[in-house]
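Residue-level structure breakdown
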Amino acid sequence: GENVEQHPSTLSVQEGDSAVIKCTYSDSASNYFPWYKQELGKGPQLIIDIRSNVGEKKDQRIAVTLNKTAKHFSLHITETQPEDSAVYFCALPGNSGYALNFGKGTSLLVTP
Amino acid sequence: SAVISQKPSRDICQRGTSLTIQCQVDSQVTMMFWYRQQPGQSLTLIATANQGSEATYESGFVIDKFPISRPNLTFSTLTVSNMSPEDSSIYLCSVAEQGAGALHFGNGTRLTVT
């Protein structure tokens, strides 16, 4: 399936600052780009996704941008809060088109 | 979105034994998957649970070690057989809602093998 590279692996920001996490991929046929948040002791939760026919999608303080030419997509969190502290994963559809292949994750820490 | 319940939520098992994990969904879903998440790592797909037929396993995972059942569109089980400490992981059930593209996850089963 499609491999996805995710950076950075850890990110520490102060409350109120912005956080950006980036994922790059190689298969130009990829057309669905989700982001998941995993809090301690819980399963991953879909927080935002985008399809290849748009370049940006926003939902309150979070946004996802897609650059199909450069083959990367990014998660943007503005006005970060301590409750944003979690591990974030990007993902891409695998060979079957239904299951997802996940990036290695970014551990985000928001300090008050 | 679908609500996914997994049982048990955690367990500590002895080497050589087997554990069966249950996944119950509150609505009928076409696609169900089992993932493994080793400590501090990302998620790795084990297999697709196919309703009424044998599961489809990913490279590195075999039916003898991880038998899966899916008797209907709302329920599946994953068994971790002949466990060793290397099987200590979080095992996650996931479903795809038809046409949506997104996967939804249960809270996982945290397995420790001693």
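A brief report on the enclosed structure follows.

On to the overall build of chain A. Of the regular secondary structure elements, chain A holds 0 helices and 11 strands. Taking 2.2 N^0.38 as the reference for a compact globule, 112 residues should give roughly 13 Å; the C-alpha atoms of chain A span a radius of gyration of 13 Å, in line with that estimate. C-alpha atoms of chain A, sized along the principal axes, occupy 40 × 30 × 20 Å. Counting every position in chain A, which comprises 112 residues, the buried fraction comes to 44%. Looking at chain A alone, contacts between residues at least 24 apart form 52% of all its contacts between residues at least 6 apart. Carbon and sulfur atoms make up 46% of the accessible area of chain A, which amounts to about 5700 Å² in all. In chain A, 10 side chains carry a positive charge and 12 a negative one; their mean positions are 6 Å apart.

What follows is about the interface of chain A and chain B. On the chain B side, the residues contacting the 17 residues of chain A number 18 residues. Taken together, the two surfaces of chain A and chain B that pack against each other cover about 1400 Å², and 58% of this comes from carbon and sulfur. Summed over the three residues of chain A that lose the most area to chain B, namely A:P44, A:Y98 and A:F102, the buried surface amounts to 34% of that side. Here chain A is connected to chain B by 0 salt bridges.

All names here are of chain A. Under the counting rule described, the total for this entry stands at 2 disulfides over all chains. With its sulfur 1.9 Å from that of its partner, C23 forms a disulfide with C90. On the sign convention where negative means left-handed, the S-S torsion of about -90 degrees between C23 and C90 marks this disulfide as left-handed. On the criterion of sequence distance, the pair formed by C23 in strand β3 (residues 19-25) and C90 in strand β9 (residues 86-93) is long-range, its members being 67 residues apart.

All names here are of chain A. Pairing within the open sheet is antiparallel, and its 5 strands lie in the order β1-β3-β8-β7-β6. The sheet is open, and its two borders are formed by β1 (4-7) and β6 (56-59), each paired with just one other strand. Across the sheet, the mean angle separating the axes of adjacent strands is 15 degrees when strand polarity is ignored. Note that β1 and β3 share 4 bridges and pair antiparallel. Its bridge partner lying in β3, H7 is registered against K22.

On to unusual backbone geometry. Cis geometry marks the peptide bond from A:H7 to A:P8; its omega dihedral reads -5 degrees. Mapped onto the secondary structure, A:P8 falls in the loop between β1 and β2 (10-14). Phi is positive for B:N82, close to 45 degrees, though the residue is something other than glycine. Relative to the helices and strands, B:N82 is located in the loop between β8 (75-80) and β9 (89-96).

So, about the environment of A:D84. All names here are of chain A. The topology assignment puts D84 in the loop between β8 (72-77) and β9. Sequence separation of D84 and A70 is 14 residues, and the distance between their C-alpha atoms is 28 Å. Setting aside residues up to four positions removed in sequence, D84 forms contacts with K37, R61, I77, E79, L108 and V110. At 2.9 Å, the side chain of D84 and the side chain of R61 are in polar contact.

With that settled, consider the side chain of B:R36. Residues and elements named next belong to chain B. Positionally, R36 belongs in strand β4 (residues 31-37). Buried and without a salt bridge, R36 has D87 as its closest oppositely charged side chain, separated by 4.6 Å. Non-local contacts of R36, meaning those with residues more than four positions away in its chain, are made with S42, L43, T44, I46, F61, F66, S89, I90 and Y91.

It is worth spelling out the pairing of β9(A) at this point. Sheet faces and side chains relate simply in a regular strand, where the side chains alternate between the two faces. All names here are of chain A. The element β9 is largely enclosed, with a buried count of 7 among its 8 residues. Bridge analysis of strand β4 (residues 32-38) against β9 gives 4 bridges, and the strand direction is antiparallel. Looking across to β9, one finds that K37 is bridged to Y88. Sheet analysis places β9 next to strand β11 (residues 106-111), joined by 3 bridges and oriented antiparallel. By the bridge assignment, A86 is partnered in β11 with L108. In this sheet, strand β10 (residues 100-102) lies alongside β9 in antiparallel orientation, the contact comprising 3 bridges. Opposite A91, over in β10, you have F102 as the bridge partner. Counted along the chain from β9 to the antiparallel partner β10, the turn is 6 residues long, and its residue G97 has a positive phi close to 85 degrees.

Definitions and limits used
Residues numbered from 1 in each chain as written. Chains lettered and ligands numbered in written order. Predicted model: local features only at pLDDT ≥ 70, side-chain atom pairs only at ≥ 80, totals over all residues. Heavy atoms only, no water. Helix = DSSP H or I, 4+ residues; strand = E, 2+ residues; numbered from the N terminus. Rg over C-alpha atoms; globule rule 2.2 N^0.38 Å. Buried < 20%, exposed > 50% of the residue type's maximum accessible area, 1.4 Å probe, protein only. Contact = heavy atoms within 4.5 Å. Areas by Shrake-Rupley, 256 points an atom, 1.4 Å probe, with all protein chains shown as cover. Lys, Arg positive; Asp, Glu negative; His and termini not counted. Charge placed at Lys NZ, Arg CZ, Asp CG, Glu CD. Buried area = accessible area lost by both parts, 1.4 Å probe. Salt bridge = Lys/Arg side-chain N within 4 Å of Asp/Glu carboxyl O. Disulfide = S-S within 2.5 Å. Pairing = 2+ DSSP bridges. Axes fitted to C-alpha atoms, helices over the stretch in contact; angles between N-to-C directions. Polar contact = N/O pair within 3.5 Å; in protein donor to acceptor, adjacent residues only side chain to side chain.

Remember, this is a structural readout, not a statement about activity or role.
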